[in-house]
Amino acid sequence: MLGQLGEGAKLLAGGQSLIPLLKLRFASPAHLVDLNFITDTSFIKEEGGALRFGAMTRHAEIEHSDLARKISVLHDCAAGIADVQVRNRGTIGGSLAEADPSGDWANALITLDTTVHCLGPNGARKVALKDFILDAYTTVLGHDELVTEVEVEIPPKGSGGAYIAFKRAAPVYPTASTAVQLTMDGEVCKDAAIALGCVGLTAIRASEAEAALRGKSLNDTTITAAAEAARAAADPHPDMRGSADYKRELAAALVKRAIHIALRRARGEQVEGTHLYA
Ligand SMILES: Cc1cc2nc3c(=O)[nH]c(=O)nc-3n(C[C@H](O)[C@H](O)[C@H](O)COP(=O)(O)OP(=O)(O)OC[C@H]3O[C@@H](n4cnc5c(N)ncnc54)[C@H](O)[C@@H]3O)c2cc1C
């Protein structure tokens, strides 16, 4: 249908980004192609060491999935997106396709080995998430291409993660957010992935912050060094949610807090992580 209708057609998934844009007249597509009528596009499966999410899987389905809980970052992220109404409609595929700089999914998933499955008139292709989002609201998708599935490798034993967003209230996007994924070998951090959300045009992988932890034992000194490196990696714009300096401070504080939770989870402790509200 996208091929027949041309560039004036847009896909409709949960409608939680598109419908507000239509109401504000920021978008006025000639046609809507409703994905909600296509069966078997909403699923959560474990296969070959990976979790696979159908593009139409709702945030709420991931929040309540025991399989998704195997990767804490995913559960934390899904459980804190907006409010129940938005989580019941919004989809993981729509969120990645929208590539909103404040959206939660890209920031959480970029700390994991994530592949986006796409389908178009030339067939299917798989794109690593780091190559999928090019800029704010811009992905590699052609106008006649759609996301069919999001595939996430299950991290190795000894891993733990946390996702925290800081928000003024539930139904608003975060002021800043962070995802931390650690793999521990005893007291030593074997691998670390740290991402920052809402402080740049896309989610930022804070590679210097990761380097501050990798190969080291995690203590106040190394964790503070990582948080400081995260502050330097943040590139926020001032807006109604706060000044650039405030957001940098917030990013550093969230990284510190998320590292502590991820570390405890990597050690096998059951720790509830939740988003923070101002
Ligand atoms: C009040 C409110 C608060 C919100 N707060 C947050 C928040 O805190 N954090 C957060 O992350 N999000 C938030 N959202 C957005 C919500 O998570 C959306 O669900 C999500 O961004 C888009 O998913 P959707 O399924 O609703 O997509 P739609 O709105 O249906 O579509 C969004 C865009 O993606 C395209 N698209 C959809 N599905 C596909 C597909 N499978 N393949 C290719 N293109 C596709 C559409 O054509 C459209 O351009 C909020 C929304 C509202 C209304």
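The shown structure was predicted, so the numbers you read here are calculated from the model rather than taken from an experiment.

Engineer: Any chance you could explain the overall build of the protein chain here in plain terms?
Structural biologist: Within the protein chain one finds eleven helices and 14 strands. Expected size for 278 residues packed as a compact globule is a radius of gyration near 19 Å; at 18 Å, the protein chain falls within 12% of this value. Each principal axis of the C-alpha distribution contributes one length, and for the protein chain these read about 60 × 45 × 30 Å. In the protein chain, buried positions account for 51% of the 278 residues. In the protein chain, 60% of the contacts between residues at least 6 apart in sequence involve partners at least 24 apart.

Engineer: So what exactly am I meant to see when it comes to the domain arrangement of the protein chain here?
Structural biologist: Interface size is often expressed as the accessible area that is lost when the parts come together. Domain parsing of the protein chain yields domain 1 (2-153) and domain 2 (159-277). Inter-centroid distance (C-alpha atoms) of domain 1 to domain 2 is 23 Å. Between domain 1 and domain 2 lies a buried interface of about 1900 Å² when both sides are counted; carbon and sulfur atoms form 53% of it. Three residues, Asp76, Asn107 and Thr111, lead the burial of domain 1 against domain 2; their summed loss comes to 29% of the area buried on that side. One can count one salt bridge joining domain 1 with domain 2. Joining domain 1 to domain 2, the criterion identifies eleven residue pairs in polar contact (both at pLDDT 80 or more). Within the residue set of the side of domain 1 that touches domain 2, elements represented by two or more residues are helix 4 (72-80), helix 7 (104-109) and strand 7 (133-135).

Engineer: Where do I start with the sheet that holds strand 13 (residues 204-205) in this structure?
Structural biologist: Paired through their backbone hydrogen bonds, the strands of a sheet run either parallel or antiparallel. As summarised here, the arrangement of the five strands in space is 13-12-11-10-14, forming an open sheet in which the pairing is mixed. Whereas interior strands pair on both sides, the edge strands pair on one side only; in this sheet they are strand 13 and strand 14 (276-277). Alignment of strand 11 (residues 176-185) against strand 12 (residues 188-197), held across nine bridges, turns out to be antiparallel. In the strand pairing of strand 12, Ala179 is matched with Ala195. Those strands touched by helix 4 are strand 10 (159-167), strand 11 and strand 14, and its axis lies near 20° from that of strand 10.

Engineer: Which parts of the structure should I look at to understand the pairing of strand 11?
Structural biologist: Within a regular strand, side chains alternate between the sheet's two faces. The buried fraction of strand 11 is high, at nine of ten residues. The sheet contact formed by strand 10 and strand 11 spans eight bridges and is antiparallel. The residue bridging Ala165 from the neighbouring strand is Ser177, located in strand 11.

Engineer: It is not clear to me how the sheet that holds strand 3 (residues 44-47) should be interpreted in this structure. Could you clarify?
Structural biologist: Taken in spatial order, the five strands make up an open sheet running 3-4-9-5-6, and their pairing is antiparallel. Of all the strands in the sheet, just strand 3 and strand 6 (123-128) have a single pairing partner and so form its edges. In this sheet, neighbouring strand axes are inclined to one another by 25° on average, regardless of whether the strands run parallel or antiparallel. Here strand 4 (residues 50-54) pairs with strand 9 (residues 146-153) via five bridges, running antiparallel. The partner of Leu51 across the bridge, within strand 9, is Val152.

Engineer: Sorry if this is basic, but what is going on with the pattern of salt bridges here?
Structural biologist: Any two side chains of opposite charge can pair if their charged atoms end up close together. The final tally for this structure, using the stated rule, is 16 salt bridges. For Glu149, the salt bridge identified is with Arg52, shortest N-O distance 2.4 Å. Here Glu149 is found in strand 9, whereas its partner Arg52 is found in strand 4, with 97 residues between them in sequence. You'll find Glu149 and Arg52 in the same group, each marked buried. With its nearest N and O atoms 3.3 Å apart, the salt bridge here joins Glu210 to Arg214. Residue classification places Arg214 among the partly exposed positions, given a relative accessible area of 34%.

Engineer: Explain the site of the ligand to me, please; I cannot follow it from the model alone.
Structural biologist: Taken together, 31 residues surround the ligand, and among them Leu11, Gly15, Leu18, Thr91 and Asp104 come closest. Separating an oxygen atom of the ligand from a backbone N or O atom of Leu11 is a distance of 2.5 Å. The contact in question runs from an oxygen atom of the ligand to an N or O atom on the side chain of Lys167, over 3.1 Å. A molecule is said to occupy a pocket when more than half its atoms come within 2 Å of that pocket's grid points, and by this definition the ligand occupies the largest pocket. Among the elements of the structure, strand 1 (9-12), helix 6 (92-98) and strand 9 are those that each provide at least two residues to the shell around the ligand.

Engineer: Explain the layout of surface pockets to me, please; I cannot follow it from the model alone.
Structural biologist: The gaps of empty space that remain are located by a probe, the size of a water molecule, rolled over the atoms. Put simply, the largest pocket is a space of about 1200 Å³. The wall of the largest pocket is formed by 46 residues, among which Ser17, Gly94, Ser95, Ala97 and Glu98 lie closest to the centre. Secondary-structure elements contributing two or more residues to the lining of the largest pocket are strand 1, helix 2 (18-23), helix 6, strand 8 (138-139) and strand 9. Class assignment for the residues of the lining of the largest pocket results in 24 nonpolar, 15 polar and seven charged. The two domains that each donate at least three residues to the lining of the largest pocket are domain 1 (2-153) and domain 2 (159-277). In this structure, the second largest pocket encloses a volume near 510 Å³. Taken together, 23 residues make up the lining of the second largest pocket; nearest its centre are Arg69, Lys70, Ile71, Ser72 and Arg265. Of all the secondary-structure elements, those providing two or more residues to the lining of the second largest pocket are helix 4 and strand 10. In terms of residue count, helix 4 provides more of the lining of the second largest pocket than any other element does, four residues in total.

Reading guide: rules and limits
Residues numbered from 1 in each chain as written. Predicted model: local features only at pLDDT ≥ 70, side-chain atom pairs only at ≥ 80, totals over all residues. Heavy atoms only, no water. Helix = DSSP H or I, 4+ residues; strand = E, 2+ residues; numbered from the N terminus. Rg over C-alpha atoms; globule rule 2.2 N^0.38 Å. Buried < 20%, exposed > 50% of the residue type's maximum accessible area, 1.4 Å probe, protein only. Contact = heavy atoms within 4.5 Å. Domains from an automatic or database assignment. Buried area = accessible area lost by both parts, 1.4 Å probe. Salt bridge = Lys/Arg side-chain N within 4 Å of Asp/Glu carboxyl O. Polar contact = N/O pair within 3.5 Å; in protein donor to acceptor, adjacent residues only side chain to side chain. Pairing = 2+ DSSP bridges. Axes fitted to C-alpha atoms, helices over the stretch in contact; angles between N-to-C directions. Near = heavy atom within 4 Å. 1 Å grid on protein atoms, 1.4 Å probe; cavity = no way out; pocket = protein on both sides within 12 Å on 5 of 7 lines; lining within 4 Å. Sits in = over half its atoms within 2 Å of the grid points. Points joined across faces, edges and corners; volume = space filled by probe spheres on them. Nonpolar A, V, L, I, M, F, W, Y, C, P; charged D, E, K, R; others polar.

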